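Structural overview for review
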Amino acid sequence: MLEVLTGTGLATAAGLNAYIPLLVIGALARWTDLMDTPAGWEWLTNGWVLAVLAVLLALEIVADKVPGVDSVNDIVQTVVRPVAGGIAFGAGSSSQTAVVTDPEAFVESGQWVPIVIGIVLALVVHGAKATARPLVNAATLGAGAPVASTVEDATSVGLSFAAILAPLLVLVALVGLVVVWLRIRRRRRRGRVPEGTSHEVSPPPPAVDLP
């Protein structure tokens, strides 16, 4: 159960920022005793891999805070974040599925399931983020982009560490994310004008002369 929560938290964090959970996994496994990567996932601790992830994270942090550029970045990340979510879930839940030597046995064993779960979780979170960002930009004339991005990055960092160090906190964080998303959707619905309606004031009915 705790391994599932760990994978869920890491995949959710990847949906907000693809590189943060992968960096957290690799750094903690390389330089601390807080986490050990399962067999097949040791490449996450490679120095070159961590360096590339750090550079990509820096680019992501800048791009996601510029109005307009953030939406373009979200389009590109539609592929990257789900893939990162699958990797994060697989590594975090101790799934040994990184190396496939026998595809038929791999499919029959069901070891691919954690990867798919991570992909789906990250894709759902990414979709919510990518949908909400234009609304935030429009409502704040772009001023909310860096604020929203900073909150998302901080949430991704918090989820990544919570997933590894205190998996039960992932449940609390997920509930909070759902509440925030529901509020955004509610505001979005309130701001819509139903089709076929008009803001024009209809004239009053004609007066009727009584006998």
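Structural notes, computed from the coordinates.

Reading the values: rules and limits
Residue positions within a chain follow its written sequence, with the count starting from 1. Where totals are concerned, whole chains, interfaces and linings use all residues; where local detail is concerned, this predicted model gives features only for residues with pLDDT of at least 70, and gives and counts side-chain atom pairs only at 80 or more. Hydrogens are left out, water is left out, and the side-chain values use all remaining heavy atoms of the structure. Among buried residues, the Ala, Val, Leu, Ile, Met, Phe, Trp, Tyr and Cys ones that are joined through side-chain atoms within 4.5 Å form a nonpolar core. The buried label applies to any residue whose accessible area, calculated with a 1.4 Å probe on protein chains only, is under 20% of its type's maximum; exposed applies above 50%, and partly exposed to all values in between. To qualify as a helix, a DSSP run of H or I must reach at least 4 residues; to qualify as a strand, a run of E must reach at least 2; elements of each kind are numbered from the N terminus. By definition in these notes, contact holds between two residues if any of their heavy atoms fall within 4.5 Å. The span one expects for a helix is its residue count, reduced by one, times 1.5 Å. A patch consists of residues whose relative accessible area exceeds 30% and which take part in no salt bridge; residues with like charges are grouped when within 9 Å of each other, and nonpolar side chains (Val, Leu, Ile, Met, Phe, Trp, Tyr) when within 5 Å. Only the protein chains shown count as cover for residues, with accessible areas throughout obtained via the Shrake-Rupley method and a probe of 1.4 Å. Each salt bridge in this description consists of a side-chain nitrogen of Lys or Arg and a carboxyl oxygen of Asp or Glu lying within 4 Å of one another.

Remarks on the nonpolar core
- Counting residues in each nonpolar core, the largest one holds 24 residues, and the members touching the most others are Leu10, Leu22, Ile25, Trp41, Leu44 and Ile164.
- Broken down by element, the residue count for this core peaks at seven residues, all from helix α2 (residues 19-31).
- The contacts of isoleucine 25, once residues within four sequence positions are left out, are Leu10, Met35, Thr37, Leu44, Ala88, Ala91 and Ile164.

Overview of unusual backbone geometry
- A positive phi angle is found at leucine 141, which is not glycine, with a value near 55°.
- Tracing the chain through its elements places leucine 141 in the loop between α6 (113-140) and α7 (144-165).
- Here leucine 141 falls in the exposed class, since its relative accessible area comes to 81%.

Observations concerning α2
- If you check α2, its first and last C-alpha atoms are 18 Å apart, about what 13 residues at 1.5 Å a residue would give, namely 18 Å.
- Burial analysis of α2 places ten of its 13 residues in the buried class, the great majority of the element.
- Residues of α2 that are buried: Tyr19, Ile20, Pro21, Leu22, Leu23, Val24, Ile25, Gly26, Leu28 and Ala29.
- Of the surrounding elements, those touching the buried residues of α2 are α1 (2-16), α3 (47-63), α4 (69-92) and α7.

Quick notes on a nonpolar patch on the surface
- Taken together, the side chains of Leu34, Val157, Phe161 and Leu165 present a nonpolar region at the surface, about 340 Å² in accessible area.
- Its place among the elements puts leucine 34 in the loop between α2 and α3.
- Leucine 34 gets classed as exposed once you look at its relative accessible area, which sits at 51%.

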